[in-house]
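Close look at the chain arrangement
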Amino acid sequence: MIEHELADLIVGSSPVMRRLRETIASVGPTRLPVLILGPTGAGKELVAHGLHLASGRSGAFEPCNVSTLSPALFESVVFGHVRGAFTGAVHTSCGHLVKANGGTMFFDEIGALALETQPKLLRALDGYGFRPVGAARDCASDFRLVSATNEDLPAMVNTGRFRLDLWHRLAGVTLRVPSLSARLEDLPELTEHLLASRSAGNAKRRQVTGDALGALHRHTWRGNVRELAITLERACSFSHGGAIDAAHIEAAIDHFDGIARTHALRKVGHQRLLAALRETGGDTLRAAHLLGISRPTVYRQLQSLGMTARGWRDTIKTDCAWGESSSVQ
């Protein structure tokens, strides 16, 4: 039964995906913490959902994206807070760990956890409890720990950006989610699944031609399954309700790649501007001459970087320092 449910959740009949589902089914019922590794967009959160499903635990699946939280906000959101603990805390709020009691606590992007916050999370994971912000005593929660990252945690440990003891605590079992390019044989099945999900409740399903599948196979999926889903969504709109052919797929891919190229060119332009300002000591007129653009264009680019006309000189100093740390040429 659980194998069937996992197959519906984690799609793909390739050997690597079959092994992944088998591992989830065997590890799921244990209490071992699981660390899920894999590139962005490959489906790490779906694997975490699969582990919760296989665990048989009756509590909630409680996700938390660590990369979106500052250290102070992490404590409030994850550990909870009491009323009046800080400005704006108008009521007591239980955090993720309490909500995950009896269920699964999923920390996504765990590699983004601030170094100063890591000992506090480690204490909670070691069973010593956690203290909501402003509270007088510790709380406890019975949760299954699952984490995910696309970072190289051992490398982060070696450079002092991640605690060795926390890494050991997270990685009771390590699962790797493959990139889409490593399982291209799953493309037809994934395409059918994603289109069926899109048309849920609609009797008419989109047809995909063989040429369209060929176009999908030829593409390099740097964004993995997430990019595939967006590409199919865009191809559906281009096909105007008809069958999706290679032209629709290629147009959808070109549309996305065009946006990415524009963003990359804009980023390069900003880097050149900051380099010119660094070279001229922040003199916008001389920087404009170096770049072969007008002074108003320099100001417009500064504004696009979030620099106000009044405070642009101080901001340039900050960004020039950033430029040096980023090795802008």
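Description of the structure in this document. Worth saying up front: this structure is predicted, and the values here are computed from it rather than measured. (Residues numbered from 1 in each chain as written. Predicted model: local features only at pLDDT ≥ 70, side-chain atom pairs only at ≥ 80, totals over all residues. Heavy atoms only, no water.)

This part covers the overall build of the chain. The helix and strand inventory of the chain stands at 15 helices and seven strands. Relative to its full complement of 329 residues, the chain shows a buried share of 42%. Of all intrachain contacts in the chain linking residues separated by at least 6 positions in sequence, the fraction that spans at least 24 positions is 70%. (Helix = DSSP H or I, 4+ residues; strand = E, 2+ residues; numbered from the N terminus. Buried < 20%, exposed > 50% of the residue type's maximum accessible area, 1.4 Å probe, protein only. Contact = heavy atoms within 4.5 Å.)

This part is about the layout of surface pockets. The calculated volume of the largest pocket comes to roughly 420 Å³. Residue lining of the largest pocket: 22 residues in total, with Gly41, Ala42, Gly43, Lys44 and Leu46 positioned closest to the centre. Where the lining of the largest pocket is concerned, the elements lending two or more residues are α3 (44-55), α9 (187-198) and α11 (224-239). In this model, the second largest pocket occupies a volume close to 320 Å³. When contributions to the lining of the second largest pocket are tallied by element, the ones reaching two or more residues are α6 (118-125) and β6 (144-149). Taken together, the residues of the lining of the second largest pocket sort by class into nine nonpolar, five polar and five charged. (1 Å grid on protein atoms, 1.4 Å probe; cavity = no way out; pocket = protein on both sides within 12 Å on 5 of 7 lines; lining within 4 Å. Points joined across faces, edges and corners; volume = space filled by probe spheres on them. Nonpolar A, V, L, I, M, F, W, Y, C, P; charged D, E, K, R; others polar.)

According to the stated counting rule, one finds nine salt bridges in the structure shown. A salt bridge links Arg131 to Asp138; the nearest nitrogen and oxygen atoms lie 2.9 Å apart. Each of the salt bridges in this network shares a partner with another, and the network as a whole consists of Arg31, Arg57 and Asp142. (Salt bridge = Lys/Arg side-chain N within 4 Å of Asp/Glu carboxyl O.)

All told, the structure shown has four aromatic pairs when counted by the stated rule. Pairing Phe61 with Phe106 gives two aromatic rings, centres 5.8 Å apart and planes at 25°, and the pair type is stacked. Of this pair, Phe61 sits in strand β2 (residues 61-65) while Phe106 is found in strand β5 (residues 104-108), placing the two residues 45 residues apart along the sequence. Exposure class is identical for Phe61 and Phe106. Each is buried. Aromatic rings pair up to connect Phe74, Phe79, Phe107 and Phe130 into one cluster. (Phe/Tyr/Trp six-rings, centres within 6.5 Å; stacked < 30°, edge-to-face > 60°.)

Once that is clear, we can look at the sheet that holds β2. Strand order in the open sheet made by the five strands is β2-β5-β6-β1-β7, with parallel pairing throughout. The open sheet has two free edges, formed respectively by β2 and β7 (173-176), since each of these has just one partner strand. Across the sheet, the axes of successive neighbouring strands diverge by a mean angle of 20°, strand direction being ignored. Each of β1 (34-37), β6 and β7 touches helix α2 (residues 15-27); the most contacted strand, β7, lies at about 155° to it. (Pairing = 2+ DSSP bridges. Axes fitted to C-alpha atoms, helices over the stretch in contact; angles between N-to-C directions.)

Counting 27 residues, the largest nonpolar core has Phe74, Leu97, Phe107, Ile110 and Phe162 as the members making the most contacts within it. Those elements that provide at least two residues to this core are β1, α4 (71-79), β5, α6, α7 (153-158) and α8 (164-170). In terms of residue count, α6 provides more of this core than any other element does, four residues in total. Residues contacting Phe74, with those up to four places away along its chain left out, are Val66, Leu69, Phe79, Phe107, Leu113, Thr117 and Leu121. (Core = buried A, V, L, I, M, F, W, Y, C linked by side-chain atoms within 4.5 Å.)

Residues of α4 that are buried: Phe74, Glu75, Ser76, Val78 and Phe79. Tucked inside the fold, the buried residues of α4 contact β2, β3 (80-81), α5 (96-99), β5 and α6. One or two steps after α4, the chain reaches Gly80, where phi turns positive at roughly 90°.

Let us now look at the side chain of His248. In this fold, His248 is placed in helix α12 (residues 246-279). Not counting the four nearest positions on each side in its chain, His248 is found in contact with Ala235, Phe238, Ser239 and Ala243.

These results come straight from atomic positions and should not be treated as a statement about function.
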